[in-house]
Amino acid sequence: PPQQSNLTAYRATTVAIITLEAFAGMWINAFIVCVLCIDWVKKKTLNSNEKILLLLGCSRICLLCFAWVYLFISLIYPKYICVYSTLKLLASFTNFSNYSNLWVSACLCGFYCIKIANFRNSFFIYLKGKVDRMVPWLLLGSEILALAMGIVFYDLMETAQSSNLTSNSQENFWEEGITMDKHVFSSFFLTGFGYAASFMAFFFAAVFLLFSLWRHKRTMQTSSMKDLSMDAHIRAMKSVLSFLVMYSINFACLLWKIIYATKKGNIMTLLISVYLCAFPGVHSLILIFSNPKLEKALLKILSCVKCE
């Protein structure tokens, strides 16, 4: 039938595009992890920014790996997803890696906000002095929260499957539907709440940082300071604004993914999956060019490849 052929074409196209995006993203984040680990071995220490970037790179490698395997199986063998517990475990690992990516990204933006922004509030000044000590605890808390969300998500999937298997009689059909609706609503609500909480943390940190940079730029304009410093602040504002736009689109796609979760083969679902798989690689590439150490290492590798 035409619909079946279109669905097959959509699946084949999606698998091909997401495979390219996933492997490119894994290489980009593996580059970040390798450069930071080599520097860690040489200097025996990492600063707070590098700790966040290292954990962010690891979480995104895991996210892209698990998401690619899960999406590949769900597109090629969609009936197996709800049958085997191994695949439910894979979905939970994907969920854990996704939350880890979102919360560590929020921690990175919050760290930039506290370090770069300039407010006269006493609490903000206190945070600026303590932020380096807080970073390991924030990262640990992010991973614990992501792990908890992954465990709860797996438990909801197990409960939903067990209730589906135990309700076989015609008399329990209505109660089974109500039970499944409760589990689906609980999983969707939990997923949406986790996405919204991390997005709000990222959003407020980015807005505060943009406001501080804009106010400082206005001060430099009135006092006729050096153009070099002005250009640096403008570049910083563009970088933060690009992060905010990309993260906002990513958050919208995550919500749309929840809405279209039950519509397999829908073109919107495929487009959303393509963007969500591209986000970790593109954002990490922007982080590389925003970091002098990573940019220098990348240009050095590219120059060596060009000479060969």
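Residues numbered from 1 in each chain as written. Predicted model: local features only at pLDDT ≥ 70, side-chain atom pairs only at ≥ 80, totals over all residues. Heavy atoms only, no water.

A. Representation of the overall build of the protein chain. Scanning the protein chain for helices and strands turns up eight helices and zero strands. Written out in order from the N terminus, the α and β elements of the protein chain read α-α-α-α-α-α-α-α. Out of the 308 residues in the protein chain, the part that is buried amounts to 41%. Within the protein chain, counting contacts between residues at least 6 apart in sequence, those at least 24 apart form 75% of the total. Of the roughly 17900 Å² that the protein chain leaves accessible, carbon and sulfur atoms contribute 70%. (Helix = DSSP H or I, 4+ residues; strand = E, 2+ residues; numbered from the N terminus. Buried < 20%, exposed > 50% of the residue type's maximum accessible area, 1.4 Å probe, protein only. Contact = heavy atoms within 4.5 Å. Areas by Shrake-Rupley, 256 points an atom, 1.4 Å probe, with all protein chains shown as cover.)

B. Examining the UniProt feature "transmembrane region" (unreviewed entry) in the protein chain more closely. The UniProt feature table records "transmembrane region" (unreviewed entry) at residues 15-41, 53-76, 96-114, 135-154, 193-214, 240-261 and 267-290. The straight-line gap between the two end C-alpha atoms of residues 193-214 is 31 Å; of that span, 100% is helix and 0% is strand. (UniProt positions renumbered as here; feature names shortened; annotations may be inferred.)

C. Main features of the environment of T14. Mapping T14 onto the fold places it in helix α1 (residues 2-43). Sequence-wise, T14 and L271 are 257 residues apart; in three dimensions their C-alpha atoms are separated by 8.2 Å.

D. Spatial organisation of the confidence of the model for the protein chain. For the protein chain, mean pLDDT is 77; residues scoring 70 or higher make up 73% of the total. Of all secondary-structure elements in the protein chain, the lowest mean pLDDT belongs to helix α5 (residues 173-223), at 70, while helix α2 (residues 48-76) reaches the highest, 86. This stretch, residues 165-181, has a pLDDT under 50; its non-local contacts, to residues over four places away or in other chains, come to eight contacts. (pLDDT = per-residue confidence, 0-100.)

E. Geometry of the pattern of salt bridges. The full count for this structure, using the stated rule, is four salt bridges. Note that K293 is salt-bridged to D39, the shortest N-O span being 2.8 Å. Of this pair, K293 sits in helix α8 (residues 292-307) while D39 is found in helix α1, placing the two residues 254 residues apart along the sequence. What makes K293 partly exposed here is its relative accessible area of 26%. Judged by its relative accessible area of 11%, D39 falls in the buried class. Across the pair E50 and K293 runs a salt bridge whose closest N-O atoms are separated by 2.2 Å. Taken together, the residues E50 in helix α2 and K293 in helix α8 connect sequence positions 243 residues apart. Here the residues in one salt-bridge network are D39, K43, E50 and K293, joined through shared partners. (Salt bridge = Lys/Arg side-chain N within 4 Å of Asp/Glu carboxyl O.)

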